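Architecture at a glance
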Amino acid sequence: DIQMTQSPSFLSASVGDRVTINCKASQNINKYLDWYQQKHGEAPKLLIYNTNNLQTGIPSRFSGSGSGTDYTLTISSLQPEDVATYFCLQHSSRWTFGGGTKLELK
Amino acid sequence: QVTLKESGPGMLQPSKTLSLTCSFSGFSLSTSGMVVSWIRQPSGKSLEWLAAIDWDGDKYYNPSLKSRLTVSKDTSNTQVFLKITSVDIADTATYYCARTVVTDYFDYWGQGVMVTVSS
């Protein structure tokens, strides 16, 4: 089974800050890595698929990068509506989620 | 428009069997490439993929829970079911169903249904 280690688990940042969240896979996942945003009481929402493809309707301040075992979600300029928990997901072999990053405003 | 909606008992006792239904519209599970999965999330915790069934009726299970899970679909290909046997408190969670195309990312999710296991 592929394990996903996400960091940090908690992040506090100010409006306008550049924010990065990382996920590390236990083996090469060939860029089959997606990022989700989950606000309180809601289902997860797809932000980025296959490492760096922005889902339709998602603001361009969100971007993704990575390869092999290491992947990153970047928010270029944090907005108040970005307060949420973020999860990575590998779909190279079945599906495994990262542990989540709770993002709050400083 | 693709929509999915989960339904379940709300609460059940330990050792019982949990039965969940995912009703969906906007696509058919008979269409090549379509897959519906079950995912759960205990309150305040991360997400765990449980099981999936594809357009061809092939089934996939999380190895850590495989012995307790059964996924199935109806003949009209508009509903997917999940049964979890011998539930205990650790199965308390919000359960989601979600769609993928082939074994890709989850593009559409249901709103989730909360299930509490308690005596």
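What comes next concerns the included structure.

Scoring rules and cut-offs
- Sequence order sets the numbering: in each chain, residues are counted from 1 along the sequence as written.
- Labels are handed out in written order, letters beginning with A for the chains and numbers beginning with 1 for the ligands.
- Only residues with pLDDT of at least 70 get local features here, since the model is predicted, and only at 80 or more are side-chain atom pairs given and counted; chain-wide, interface and lining totals rely on the full set of residues.
- Side-chain metrics in this entry use all non-hydrogen atoms of the structure; hydrogen atoms and water are not considered.
- Note on conventions: DSSP H or I runs of at least 4 residues are helices, E runs of at least 2 residues are strands, and numbering of each starts at the N terminus.
- Only C-alpha atoms enter the radius of gyration, while the globule expectation follows 2.2 Å times N to the 0.38, with N the number of residues.
- Buried means the residue's accessible area, taken with a 1.4 Å probe over protein chains only, is under 20% of the maximum for its type, while exposed means over 50%, and partly exposed covers the values in between.
- At least two bridges found by DSSP between two strands are what make those strands a pair.
- Every axis corresponds to a line fitted to the C-alpha atoms, with the helix fit spanning only the stretch in contact, and the corresponding angles, defined between N-to-C directions, vary from 0 to 180 degrees.
- Any two residues whose heavy atoms approach within 4.5 Å at even a single point are treated as in contact.
- The buried area of a pairing is the accessible area, by a 1.4 Å probe, that goes missing from both parts when the two are put together, added over both.
- Only one rule defines a salt bridge in this text: a Lys or Arg side-chain nitrogen within 4 Å of an Asp or Glu carboxyl oxygen.
- Only Asp, Glu, Lys and Arg are considered charged, only Ala, Val, Leu, Ile, Met, Phe, Trp, Tyr, Cys and Pro nonpolar, and every remaining residue, Gly among them, polar.

**A look at the overall build of chain B**
The number of helices and strands found in chain B is zero helices and eleven strands. Listing each helix as α and each strand as β along chain B from the N terminus yields β-β-β-β-β-β-β-β-β-β-β. Expected size for 119 residues packed as a compact globule is a radius of gyration near 14 Å; at 13 Å, chain B falls within 12% of this value. Overall, the C-alpha framework of chain B stretches about 40 × 25 × 25 Å when taken along its three principal axes. By residue count, 50% of the 119 residues in chain B fall in the buried class.

**Comments concerning the sheet that holds strand S8 (residues 79–84) of chain B**
Residues and elements named next belong to chain B. With antiparallel pairing, the four strands of this open sheet are ordered in space as S1-S3-S8-S7. With partners counted over all chains shown, the strands left at the sheet margins are strand S1 (3–7) and strand S7 (69–73), one partner each. Between one strand axis and the next, the sheet turns by 15° as a mean value, whatever way the strands run. Two strands pair when backbone bridges link them, and S7 and S8 are joined in this way by five bridges, in the antiparallel orientation. Residue Val71 lies in a different strand from S8, and its bridge partner there is Leu82.

**Remarks on unusual backbone geometry**
All names here are of chain A. Following Ser7, the chain continues into Pro8 via a peptide bond in cis, with omega recorded as -10°. Mapped onto the secondary structure, Pro8 falls in the loop between strand S1 (4–7) and strand S2 (10–13). Phi angles above zero are rare outside glycine, and Lys31 is one such case at about 70°. Among the structural elements, Lys31 can be located in the loop between strand S3 (19–25) and strand S4 (33–38). Look at Lys31 and you get partly exposed, because its relative accessible area is 39%.

**Concerning the environment of B:Leu12**
Residues and elements named next belong to chain B. On the secondary structure map, Leu12 appears in strand S2 (residues 11–12). C-alpha separation for the pair Leu12 and Ile89, spaced 77 residues apart in sequence, amounts to 9.8 Å. Excluding residues that lie within four positions of it along the chain, Leu12 makes contacts with Thr17, Leu18, Val87, Val115, Thr116, Val117 and Ser118.

**Focus: the interface of chain A and chain B**
Across the boundary between the two partners, chain A contributes 19 residues, which contact 21 residues of chain B. Summed over both partners, the interface of chain A with chain B buries about 1600 Å², with 64% contributed by carbon and sulfur atoms. Summed over the three residues of chain A that lose the most area to chain B, namely A:Arg94, A:Trp95 and A:Phe97, the buried surface amounts to 42% of that side. Linking chain A with chain B are zero salt bridges, by the criterion used here. Taken together, the elements giving at least two residues each to the side of chain A that touches chain B come down to S4, strand S5 (45–49) and strand S9 (84–90) of chain A. At three residues, S4(A) tops the list of elements feeding residues into the side of chain A that touches chain B. Within the side of chain A that touches chain B, the residues separate by chemical class into nine nonpolar, six polar and four charged.

**Some points on the sheet that holds strand S7 (residues 62–67) of chain A**
Residues and elements named next belong to chain A. Spatially, the four strands line up as an open sheet ordered S1-S3-S8-S7, and their pairing is antiparallel. Where the open sheet ends on each side, the last strands, each with one partner, are S1 and S7. Each adjacent strand pair in this sheet contributes to an overall mean axis angle of 15°, direction not counted.

**Section: the pattern of salt bridges**
Opposite charge on two side chains lets them pair, provided their charged atoms get close. All names here are of chain B. A complete count under the given rule lists eight salt bridges over all chains for this structure. Salt-bridge contacts for Arg40 lead to Glu48; the nearest nitrogen and oxygen are separated by 2.9 Å. Of the residues examined, Arg40 reaches a relative accessible area of 7% and is grouped as buried. Among the residues examined, Glu48 registers a relative accessible area of 26% and is labelled partly exposed. With a shortest N-O distance of 2.7 Å, Arg99 and Asp107 are connected by a salt bridge. Given a relative accessible area of 9%, Arg99 falls into the buried group. Judged by relative accessible area, Asp107 falls into the buried class, the value being 18%. Within the structure, one salt-bridge network assembled from shared partners comprises Arg40, Glu48, Arg68 and Asp91.

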